[in-house]
Structure formats: structure tokens, C-alpha cells
Amino acid sequence: MESTASTIQIHVSGRPFTRDCRPRWLLEELGVAYTPVPVGIFSGDARKPAYLATNPTGKVPFLVDGEVAIFESGAILIYLADKYGAGEVAPAQDDPARGEYLQWLFFAQTTIEGPATRLFANRTFLRERPSAGERAAEAEAELIAKAPIVAPVLESRTYLLGDRFTAADVMLGSALYWVAGGGALDKLPTLAAYYGRLAARPAFQRIFGEPPSPA
Ligand SMILES: N[C@@H](CCC(=O)N[C@@H](CS)C(=O)NCC(=O)O)C(=O)O
């Protein structure tokens, strides 16, 4: 992605598995240029006054677009899709599909993201910790319990809203990246097939490359 001649700045960790992948993937889909601004979330720099003065969460992603400055990846996705999506990646306010779009975007972040991150963390960078195996198993069981809420929709649709790829797919797909990295996707066949369709998209591959291995 060209990083010049754009007003959009996305503060990023520099690692593929953090939530800044969400706005980067969406902008990549849209072909909209942005400037990645590295923030040291692993070095501790993100907790220093200089960054906290602009983003009090000390986290990524953080978007600056002219006068607009937003933290929270869900809010950033909705903002970018509405402003730069040209009606493609978000149903318009008066489109009846808007409600379902918001529903799946929030469902992915509030219901799938939690167990997905716990699964990923406990099967990768926290795997040596005592009880990591137990925590991962609990997270996997939670994902298996929640998957039937969305799976019936994805059995008959290519993407969450049908043939149309939207920012809700970015939210769910980015959570499934952690599920894949945590080695649990084969237990969720409908979501695995959907994830395969997302992972075949060139924009996805430019952001994520290969899914991380739990080993
Ligand atoms: N709810 C926030 C969570 C952001 C978040 O936790 N970001 C992580 C990276 S994925 C982070 O910056 N962590 C650094 C820290 O907690 O110090 C969002 O969706 O944007």
C-alpha cells in the first residue's frame, strides 16, 4: 500500500495479529492509501505520555484522519466504511441491510473476539504458562457454543450479507484469524469454509500472509 498523499494515519503495532489489521485490511480492500504509524505496544512506548496524550487507551489501532481521531477498531471500521466505502463495504443508512450489517459487526467483536483472543494467546505466546491448556480448551468450547448463532447464515451466503463483502466480514474474519492460529478452525466447519473464502481475497493476503501456526 502506498503510504504517501493520504490524510489517513493508522497507528499500528507492526505485527499481523493485532487489531490494527482491521482498518488496514478494509483500506486495502478499498484501495485507499494510508500512512501506518508504528507504536511500541510491546516495548511500552504506547503507555508513555506522548502517545497517551493523543490516544488515552495506549492501544492500537488508533485512526487520525484530518480533524477526526478515533480509537476502538469497531468504530474505526464503521467510520472508514461509511466515509471511503462508496456504498460498497457498508449498507447506507437507509438500506434495510444496515441493521444486519451492524448486528454481525458487533456480534463478531463482542461474542467471538473474546474467546478467539484467549484461544490464540494461550496456544501461542502464553502457551508455557500454567493452565494455558485449560484456558485454551475453555475458549475453544465457548467458540463451539457460539458458532451456531452465525453458522446457519454462512451456510447459504458467501459473506455475512450475501454476495457482498462488508466491514462486518473484516471484523469476523480478523477474529477467525486468531481461531485459525489457535488451531480450532477444523472444529467449526462452516466458519472454516467462510474463513477460506476471506483468506482467498488478495487484500487479506497482503495484510495477513499465512495464518500463524499454534506450534
Ligand atoms: N477494544 C479495542 C482493543 C484494542 C487493543 O486491545 N489493542 C491491543 C492490540 S490487539 C493493544 O494495543 N494492546 C496493547 C496494550 O494493551 O498495552 C479495539 O478493538 O480497538
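Model, not experiment: these values are computed from the prediction.

A common measure of how large an interface is: the accessible area buried when the components associate. Assigned domains of the protein: these are domain 1 (8–84) and domain 2 (97–208). For domain 1 and domain 2, the distance between their C-alpha centres works out to 21 Å. If you look at the interface, domain 1 gives 18 residues, while domain 2 gives 26 residues. Regarding the contact of domain 1 and domain 2, the summed buried area is about 1900 Å², with carbon and sulfur atoms giving 65% of it. By the criterion of area lost to domain 2, the three top residues of domain 1 are Phe 17, Arg 22 and Trp 25, representing 37% of everything that side buries. Summed over the shared surface of domain 1 and domain 2, the result is five salt bridges. Linking Arg 98 and Asp 82 is a salt bridge whose minimum nitrogen-to-oxygen distance equals 3.0 Å.

A few words on the site of the ligand. Every residue lining the ligand is accounted for by Thr 18, Arg 19, Ile 41, Arg 47, Lys 59, Val 60, Pro 61, Glu 72, Ser 73 and Gln 109. The separation between a nitrogen atom of the ligand and a polar main-chain atom of Val 60 is 2.8 Å. One nitrogen or oxygen atom from the side chain of Ser 73 is found 2.7 Å from an oxygen atom belonging to the ligand. Its free accessible area being 510 Å², the ligand has 79% of it covered by the protein chains. Among the cavities detected, the one that contains the ligand is the largest pocket. Tallied by class, residues from the shell around the ligand come to three nonpolar, three polar and four charged.

In this section: the packing of helix H1 (residues 21–30) against helix H6 (residues 167–181). Contact pair H1 / H6: the axes reach a minimum separation of 10 Å and the direction vectors enclose 130°. Comparing the axis directions of H1 and H6 gives the class oblique. Handedness of the crossing formed by H1 with H6: right-handed. Listed contacts from H6 to Cys 21, Arg 22, Trp 25 and Leu 26 of H1 are Ala 167, Asp 169, Val 170, Met 171, Gly 173, Ser 174, Ala 175 and Trp 178. Split into classes, the residues belonging to the contact of H1 with H6 amount to eight nonpolar, two polar and two charged.

With that settled, the discussion passes to the packing of helix H4 (residues 97–123) against H6. Contact geometry for H4 and H6: axes closest at 8 Å, N-to-C directions at 15°. As the angle between them shows, H4 and H6 are arranged roughly parallel. The chirality of how H4 crosses H6 is left-handed. For the pair formed by H4 and H6, the contact residues are Tyr 101, Trp 104, Leu 105, Ala 108, Gln 109, Ile 112, Glu 113, Ala 116, Thr 117, Leu 119 and Phe 120 on the first element and Ala 167, Ala 168, Met 171, Leu 172, Ala 175, Trp 178, Val 179 and Gly 181 on the second. Tallied by class, the residues present in the contact of H4 with H6 amount to 15 nonpolar, three polar and one charged.

Definitions and cut-offs
Each chain has its residues counted from 1, following the order in which its sequence is written. Local features in this predicted model are restricted to residues whose pLDDT is 70 or higher, and side-chain atom pairs enter the listing and the counts only when it is 80 or higher, whereas totals over whole chains, interfaces and linings include all residues. To obtain the side-chain values, all non-hydrogen atoms of the structure were used and water was disregarded. The source of the domain bounds is an automatic or database domain assignment. Contacts are assigned to residue pairs with any non-hydrogen atoms lying within 4.5 Å of each other. Two parts placed together each lose some accessible area; with a 1.4 Å probe, that loss summed over both constitutes the buried area. We define a salt bridge as a contact between a side-chain nitrogen of Lys or Arg and a carboxyl oxygen of Asp or Glu at a distance within 4 Å. Distances are taken per atom, and a residue is near a molecule or strand as soon as one of its heavy atoms is within 4 Å of it. Whenever a nitrogen or oxygen atom comes within 3.5 Å of another N or O atom, the pair is scored as a polar contact, on the condition that within protein one atom can donate a hydrogen and the other can accept it, and that pairs from neighbouring residues in sequence are kept only if both atoms are in side chains. Only the protein chains shown count as cover for residues, and the accessible areas themselves come from Shrake-Rupley with a 1.4 Å probe. A pocket, in this scheme, is an open set of points on a 1 Å grid over the protein atoms alone with protein on both sides within 12 Å along at least 5 of 7 lines, while a cavity is a set where a 1.4 Å probe fits but cannot get out; residues line either one if an atom lies within 4 Å of a point. By definition, a pocket or cavity contains a molecule when more than half of the molecule's atoms lie within 2 Å of the pocket's grid points. Each residue receives one of three labels: charged for Asp, Glu, Lys and Arg, nonpolar for Ala, Val, Leu, Ile, Met, Phe, Trp, Tyr, Cys and Pro, and polar for the others, Gly being one of them. Between the N-to-C directions of two axes lies an angle of 0 to 180 degrees, each axis being a line fitted to C-alpha atoms and, for a helix, fitted only over the stretch in contact. Only DSSP runs of H or I covering at least 4 residues are called helices, and only runs of E covering at least 2 are called strands; the numbering of each starts at the N terminus. When an angle is under 35 degrees it counts as roughly parallel; over 145 it counts as roughly antiparallel; between 65 and 115 it counts as roughly perpendicular; any other value is oblique. For a crossing to be left-handed, the near helix must be turned anticlockwise from the far one by less than a right angle; the clockwise case is right-handed.

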